[in-house]
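# A closer look at the structure
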Amino acid sequence: MTAKIVGIGTCVPETVVTNDDLAKFVDTDDGWIRSRTGIRERRISKKEGTCELAAGAARRALAAAGVKPEELDIIILGTSTPDRNFPSDACSVQAAIGAANAVAFDISAACSGFIFALGIAQAFFQSGVYRTALIIGAETVSKVTDWSDRSTCVLFGDGAGAAVLKADERGLVDMTMGSDGTKGDILACTSRTLGNFLTGAGPKLGLMTMDGQAVFRFAVRKVPESIELLLERNGIKKEEIRYYVLHQANERIVEAAAKRLGEPMEKFPMTIDRYGNTSSASIPLLLDDMIGKDMLKTGDRIVISGFGAGMTWGAALLEW
Ligand code: COA
């Protein structure tokens, strides 16, 4: 048995923030952001928390799949920006949607969260432990963004995407996941602390820091490498892949990956222009967009691929 995606749902905050909006308070401009990243606008949460977005996406995914919340065996939520340290956002989503029979927990794999959640669910499916799963990537990155740092604040957006998985004969063909903790410092966010009464250390506000060029170099090497590995070990030729659904971090990263793979840009759909980098939510957001445009047909072979802080990465070969 393998995991098959039977429904996708997404939810983004109402508020649209354009590049011009950002240029009002940080030294940047629309031309720079568009040409260096492909981003035109992003959604930023005014009031919606990660759980609210995640539950919204979950409800839509369940409706698309025709699955009742009580049928879920497991909920795995990938996030780096949970609303609370505990309980997990997955447990909050469980309560919000009424998935009384599911076990629920969060995982921390940054932008690879959706792919890692898929991998964990797959292991449960293969072992026969569970048969119906909800995986979610949900983020409010805006709350850990340093809004005075123009090299990071223009890149990210908030949002959530969810997929209902069912045990099936076909679906997820194979996947690969990896981590390199030695590169942890190139993209990081330390915890917030109120200080330490023993040492007298004061409070610290944990905000995201990033070495953009190091992340860029890592991504343009790792994304094609993991996809090539996946295709090779399954004896699949690139011509047999209908679409490459890549984590939406930067249009130029997607273009560089396409070039290294020797594949045409038509096979690399994008939503980065509208949402920016929504971290673990970007892949389901893109899949949902493709479904809305009727781009995916039964039997299509697609590859999904993500990378993020950790550093972490993963790719999966799916038969739609
Ligand atoms: N607006 C205007 N100028 C900016 C800017 C902004 N928002 N951000 C940076 N710059 C400036 C820099 O200060 C620098 O100026 P200088 O030459 O005077 O020093 C110049 O633009 C070039 O900066 P550089 O960092 O070389 O740009 P870049 O082409 O590497 O693009 C990123 C920067 C961040 C867009 C790019 O490195 C990137 O996308 N990296 C990957 C990040 C990522 O994907 N993170 C999430 C992973 S999940």
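Coordinates for the structure precede this section.
Here is what the cut-offs are and how they apply
- Residues numbered from 1 in each chain as written.
- Predicted model: local features only at pLDDT ≥ 70, side-chain atom pairs only at ≥ 80, totals over all residues.
- Heavy atoms only, no water.
- Near = heavy atom within 4 Å.
- Polar contact = N/O pair within 3.5 Å; in protein donor to acceptor, adjacent residues only side chain to side chain.
- Areas by Shrake-Rupley, 256 points an atom, 1.4 Å probe, with all protein chains shown as cover.
- Helix = DSSP H or I, 4+ residues; strand = E, 2+ residues; numbered from the N terminus.
- Nonpolar A, V, L, I, M, F, W, Y, C, P; charged D, E, K, R; others polar.
- Pairing = 2+ DSSP bridges.
- Axes fitted to C-alpha atoms, helices over the stretch in contact; angles between N-to-C directions.
- Salt bridge = Lys/Arg side-chain N within 4 Å of Asp/Glu carboxyl O.
- Buried < 20%, exposed > 50% of the residue type's maximum accessible area, 1.4 Å probe, protein only.

### Let's talk about the site of the ligand
Taken together, 23 residues form the shell around the ligand, and within it T28, R36, R150, Q213 and N250 come nearest. R150 places a side-chain nitrogen or oxygen 2.9 Å from an oxygen atom of the ligand. Surface burial for the ligand is 74%, taken as the share of its 960 Å² of free accessible area covered by protein chains. Mapped onto the shell around the ligand, the elements with two or more residues apiece are helix 2 (30–37), helix 6 (150–153), helix 7 (212–233) and helix 8 (251–261). Per element, the largest residue contribution to the shell around the ligand is 4 residues, and it comes from helix 7. When its residues are assigned to classes, the shell around the ligand shows 11 nonpolar, 8 polar and 4 charged.

### Remarks on the sheet that holds strand 8 (residues 172–179)
Taken together, 4 strands build an open sheet; the order of strands is 8-13-12-11 and the sheet is mixed. Lying at the two open borders of the sheet, with one neighbouring strand each, are strand 8 and strand 11 (243–246). Across the sheet, the mean angle from the axis of one strand to that of its neighbour is 10 degrees, orientation sign disregarded. Where strand 11 lies against strand 12 (residues 301–308), 4 bridges are found, and the strand directions are parallel. Paired with V245 across the strands is I304, a residue of strand 12.

### Re the pattern of salt bridges
Taken as a whole, this structure holds 19 salt bridges when the rule is applied. E48 is the salt-bridge partner of K47, the closest N and O atoms lying 4.0 Å from each other. The residue R233 makes a salt bridge to D174 at a minimum N-O spacing of 2.7 Å. Here R233, found in helix 7, pairs with D174, found in strand 8; they are 59 residues apart in sequence, far enough to count as distant. Taking relative accessible area as the criterion, R233 reaches 46% and is therefore assigned partly exposed. Since its relative accessible area comes to 18%, D174 is described here as buried. Among the charged side chains, a salt-bridge network with shared partners connects R40, D273, R274, D289 and K293.

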